[in-house]
Amino acid sequence: MMRLDKFLSHQGYGSRKDVKKILAQGKVSVNDQVIKQAKFQVDPIKDQVKLNSKIIDYQKYVYYLLNKPAGFISATEDQSYQTVIDLIREEDQRPGLFPVGRLDIDTTGLLLITNDGQLGHRLTSPKHQVDKVYEAVIEGIADQNTVDLFGQGLDLGDFVTRPAYLNVISIDELQDMSHVQVTIHEGKFHQVKRMFKACDLEVLKLKRLCMGPLYLEESLLEGTYRKLTDQEIQQLDQ
């Protein structure tokens, strides 16, 4: 059972204060009975709640695919920096939202935001080996030896990486730069940058393109997000 104001707030109809105003206006019914009391108890699964005669389908968890811009940290709150949660519109905020895994403050690209703790743990747990694909601009030349080192796994001191796939897209010898894609299965702190550093190369730009079945489409601009489709959610649950 759940308080009615909490139910409405969790479904994105504003803060508890906002919801109380809606209730006071007689716009909400439970099982076709108008309810104005915020503390009224409802069963989210069994009871039929309507707002302005429209049925509210209870959604316990939400899933947003965010194209993270640089300058935001992957955290729920911070004293010094804006967080990725600050990019979620007020009407889409939910209690317990958090980023699944971390992208460095200067790293951009795909980041899953959800309030589903079990899913978050499953996607970040090393034993599940969820593929993560990054695109990077590297200072230095990534050659076949670099590809082989990534494929063997790199000793970073505190841990040895699992074999990773490095695809060299292009090389600019005049600028001494490489454009690459790399697929890893872990997600340790600064891992991709540390892997290239272990090969005497420096990451200049880093963007995550994929995580498991999720892909970052070009139409999703930096700083914007969308809800996952039902099919994507089902794929994540597999």
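None of the values given here were measured: they were computed from a predicted structure.

### Quick notes on a negative patch on the surface
Here comes step 1: Together, Glu 139, Asp 172, Glu 173, Asp 176 and Glu 202 give the surface a local cluster of negative charge.
Here comes step 2: Inspection of the secondary structure assignment puts Asp 172 in strand β11 (residues 165-172).
Here comes step 3: Look at Asp 172 and you get partly exposed, because its relative accessible area is 35%.

### Some words on the domain arrangement of the protein chain
Here comes step 1: The domains assigned to the protein chain are domain 1 (2-55), domain 2 (63-126 + 214-237) and domain 3 (132-211).
Here comes step 2: A C-alpha centroid distance of 23 Å is found between domain 2 and domain 3.
Here comes step 3: The partner domain 3 presents 11 residues to the 15 residues of domain 2 that form the contact.
Here comes step 4: A buried area of about 1300 Å², summed over both sides, lies between domain 2 and domain 3, and 48% of it is on carbon and sulfur atoms.
Here comes step 5: Ranking the residues of domain 2 by area buried against domain 3 places Asp 104, Leu 110 and Pro 126 at the top, with a combined share of 35%.
Here comes step 6: Joining domain 2 to domain 3, the criterion identifies 2 salt bridges.
Here comes step 7: Note that Lys 193 and Asp 106 form a salt bridge whose closest N and O atoms lie 2.8 Å from each other.
Here comes step 8: Counting every contact that joins domain 2 to domain 3 gives 8 residue pairs in polar contact (both at pLDDT 80 or more).
Here comes step 9: Take the side of domain 2 that touches domain 3: its biggest share by element is 5 residues, from strand β9 (residues 108-114).
Here comes step 10: Of the residues in the side of domain 2 that touches domain 3, the class split is 10 nonpolar, 3 polar and 2 charged.

Here is what the cut-offs are and how they apply
Residues numbered from 1 in each chain as written. Predicted model: local features only at pLDDT ≥ 70, side-chain atom pairs only at ≥ 80, totals over all residues. Heavy atoms only, no water. Patch = residues over 30% accessible without salt bridge, like charges linked within 9 Å, V, L, I, M, F, W, Y side chains within 5 Å. Areas by Shrake-Rupley, 256 points an atom, 1.4 Å probe, with all protein chains shown as cover. Salt bridge = Lys/Arg side-chain N within 4 Å of Asp/Glu carboxyl O. Lys, Arg positive; Asp, Glu negative; His and termini not counted. Charge placed at Lys NZ, Arg CZ, Asp CG, Glu CD. Helix = DSSP H or I, 4+ residues; strand = E, 2+ residues; numbered from the N terminus. Buried < 20%, exposed > 50% of the residue type's maximum accessible area, 1.4 Å probe, protein only. Domains from an automatic or database assignment. Contact = heavy atoms within 4.5 Å. Buried area = accessible area lost by both parts, 1.4 Å probe. Polar contact = N/O pair within 3.5 Å; in protein donor to acceptor, adjacent residues only side chain to side chain. Nonpolar A, V, L, I, M, F, W, Y, C, P; charged D, E, K, R; others polar.

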